[in-house]
Number of protein chains: 2
Amino acid sequence: MSGVIGVDWGSSNLRAFRFDDQGTVKDRRSSAHGAAGLAKEDFPRVLAEVIGDWCDGGTRIVMAGMVGGRVGWQEAPYLPCPADPGQLAASALPLETSLGRAWLVPGLSSRNADGMADVMRGEETQLLGAGVGNGSVVLPGTHSKWATMQDGRIMGFSTAMTGELYALLCKHSLLGQLAVAAADFEPEAFKRGTRRALDARTIVPLLFSARADVLLGDMQGTAVESYLSGLLIGGEIAAFGAQPVTLIGNTALVERYQLALHLAGAPQSLVVDGDCAVARGLWMIGEHL
Amino acid sequence: MSGVIGVDWGSSNLRAFRFDDQGTVKDRRSSAHGAAGLAKEDFPRVLAEVIGDWCDGGTRIVMAGMVGGRVGWQEAPYLPCPADPGQLAASALPLETSLGRAWLVPGLSSRNADGMADVMRGEETQLLGAGVGNGSVVLPGTHSKWATMQDGRIMGFSTAMTGELYALLCKHSLLGQLAVAAADFEPEAFKRGTRRALDARTIVPLLFSARADVLLGDMQGTAVESYLSGLLIGGEIAAFGAQPVTLIGNTALVERYQLALHLAGAPQSLVVDGDCAVARGLWMIGEHL
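Calculation rules
- Residues numbered from 1 in each chain as written.
- Chains lettered and ligands numbered in written order.
- Predicted model: local features only at pLDDT ≥ 70, side-chain atom pairs only at ≥ 80, totals over all residues.
- Heavy atoms only, no water.
- Pairing = 2+ DSSP bridges.
- Helix = DSSP H or I, 4+ residues; strand = E, 2+ residues; numbered from the N terminus.
- Axes fitted to C-alpha atoms, helices over the stretch in contact; angles between N-to-C directions.
- Salt bridge = Lys/Arg side-chain N within 4 Å of Asp/Glu carboxyl O.
- Buried < 20%, exposed > 50% of the residue type's maximum accessible area, 1.4 Å probe, protein only.
- Expected span 1.5 Å × (residues − 1).
- Core = buried A, V, L, I, M, F, W, Y, C linked by side-chain atoms within 4.5 Å.
- Contact = heavy atoms within 4.5 Å.
- Least-squares fit on C-alpha atoms with pLDDT ≥ 70 in both.
- Buried area = accessible area lost by both parts, 1.4 Å probe.
- Polar contact = N/O pair within 3.5 Å; in protein donor to acceptor, adjacent residues only side chain to side chain.

Caption draft 1: Seen up close, the sheet that holds strand S10 (residues 135-139) of chain A. All names here are of chain A. Strands sit in the order S12-S11-S10-S13-S14 across an open sheet of five strands; the sheet is mixed. Since the sheet does not close on itself, it has two edges, and those belong to strand S12 (153-160) and strand S14 (270-272), each with one partner. For this sheet the average axis-to-axis angle between neighbouring strands, irrespective of direction, equals 25°. Relative to strand S11 (residues 144-150), S10 runs antiparallel, the two sharing five bridges.

Caption draft 2: Spotlight on the pattern of salt bridges. All names here are of chain A. Here the structure, examined in full by the defined rule, presents 23 salt bridges over all chains. For aspartate 84, the salt bridge identified is with arginine 153, shortest N-O distance 3.9 Å. With aspartate 84 in the loop between strand S5 (79-80) and helix H2 (85-90) and arginine 153 in strand S12, this residue pair connects regions lying 69 residues apart in the sequence. You can call aspartate 84 partly exposed: its relative accessible area is 23%.

Caption draft 3: Quick look at helix H8 (residues 224-240) of chain B. Taking 1.5 Å of rise per residue, the 17 residues of H8 of chain B would be expected to cover 24 Å, and the 24 Å separating its terminal C-alpha atoms lies within 8% of that figure. The element H8 of chain B is extensively covered by neighbouring structure, given that 15 of its 17 residues are classed as buried.

Caption draft 4: Representation of the nonpolar core within the structure. Among the nonpolar cores identified, the biggest contains 92 residues, and Leu169, Leu207 and Leu228 of chain A together with Leu165, Leu169, Leu207 and Leu228 of chain B are the most heavily contacted of them. Discounting residues that sit within four places of it in the chain, leucine 169 of chain A has contacts with Leu175, Gly176, Leu207, Leu228 and Leu232 of chain A together with Met161, Leu165 and Leu168 of chain B. Among the nonpolar cores identified, the runner-up in size contains 32 residues, and Phe17, Ala130, Met149 and Ile154 of chain B belong to it.

Caption draft 5: Fine view of the relation of the copies chain B and chain A. Screw-axis analysis of chain B against chain A gives a translation of 0.0 Å along the axis, an RMSD of 0.0 Å, and a rotation angle of 180°. Read as a symmetry element, the transformation amounts to a two-fold axis. Scanning chain B for the C-alpha nearest the rotation axis identifies threonine 202 of chain B, at a separation of 2.6 Å. Of the interface residues in chain B, 100% have counterparts in chain A that sit at the interface too, so the contact is made through matching surfaces.

Caption draft 6: Examining the interface of chain B and chain A more closely. Each partner contributes to the interface: chain B provides 44 residues, whereas chain A provides 44 residues. It is Met116, Val204 and Phe208 of chain B that lose the most area in chain B upon contact with chain A, and together they represent 18% of the buried surface on that side. Inspection of the region where chain B meets chain A yields four residue pairs in polar contact (both at pLDDT 80 or more). Elements represented by at least two residues in the side of chain B that touches chain A include exactly strand S8 (108-111), strand S9 (117-120), strand S12 (153-160), helix H4 (162-172), helix H5 (174-178), helix H7 (209-215) and H8 of chain B. Sort the elements by how many residues they give to the side of chain B that touches chain A and H7 of chain B lands first, with six residues.

Caption draft 7: Broad picture of the pairing of strand S9 (residues 117-120) of chain A. Residues and elements named next belong to chain A. Covered by surrounding structure in S9 are Ala117 and Val119 together with Asp118 and Met120, the residues of both alternating faces. Alignment of strand S8 (residues 108-111) against S9, held across four bridges, turns out to be antiparallel. Across the sheet, residue arginine 111 finds its bridge partner in S9, namely alanine 117. With antiparallel pairing between neighbouring strands as the criterion, S8 and S9 make up a hairpin whose turn holds five residues, including glycine 115 at a positive phi of roughly 85°.

So, in structure tokens, the structure goes:
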């Protein structure tokens, strides 16, 4: 039963994949025990509960994500870009567990031309697993990542806090007070927000228009969330540039990015399933351990 | 005892000014009963508690701010820019109260060249009272307002949600989790944030650097709030342009804007005290009632 098991252990949940010798996923499991809610001593027990029956003494377990963060099982330092699967494996932190040998994949750091720093943890595995040799890969989400790939290596990346800002504005801001929960996504409001952000190239003078438009009767409260989503995704594309990209993520969110990229004049983007990308990335790193 | 009383009744507090016949403030009072916490029927009682003994049958009471908003005493609609004190007075909503005749000053609306809407309520009174005939006036705060004055009229304005975003990011975001409450403002961190925002001209790819810098050891947690403040104020100035302005507001915040405007290469800005501006603006509108 020996072999490789991959675990993507993020802040809010855990996904585990059991591979055969060719890297095909034979079995998968998930758990709601994300790293953010666990004390250090809980990690081995949770892992045993989820994948214990998959393991024998020879199993190799590759773990990526917040499990290797400051509040995780143990901290695996950030590896500077550029980075490939072999370098991530060489820098992985070995752990002895009752289930077999385990490794914590490091996060990545990146610096732009001005020396400004950025970090990721967990996304590096999805980026590698997307199968993009050369080009830009975008992981939309709480902290959207835009990465540049060259010959299968991650050359560098930048983060936009689009998803987190969206949640903060909807839940905690004065804009959210006028938002009426809409049953459906409102594409026209989303497109208006996207176009405005693409034109202005900065969202600073735009966000408050979500309030002004409602107070002046230009927009219904049900459209506020879609409009804000458009402003923020449009602002992200304006900042990083309309370009051909590969998108990784859940269908609803990826569709919004496709629509916004289309409005920005970017060529049709490719889409890769997030589960497939993370499993493939874990396997690629595991091959080098 | 007849005469004019001015009331600036915002969401979180109330400031009242009793004027002599020349518009000099003879007495002032304040109350923590902001409009946001009151039911419609509470407004007359609170007003009587604060200024009842100033009034006789002939008193004229000019009220501006959220007291005239949707959840205020009564809603005074937004008046479109351009607007001067006479037009605000002509559009003020009269109210009969037990203390005398009262008026609710309307808010203002503005549309930029692209038709994008903006609104203010209460700030119009401070803008008029700043005594700027021609030029730009900035009211830093939760929702910073940048207004253009011409011959003493408010020609138009734009809002940046700088103060609200700062509070959201410090209190509710992942960035705030790494922030350690600093005893003091850290000017070097503020300046670094400001310079980065001025260079980038958009804050979208910058905000997350507050987290990356701490995780990579480039910045102490105590500097996070000052750095974020610099990013946001720098982003505001980048959006609206480094220019000679008159600043109205509290000393600590105005000093940050002066520093950021200096870094942006703007000429020395003028500063007007917020209390003086609001009292003067209420008097100017009251003269036309």
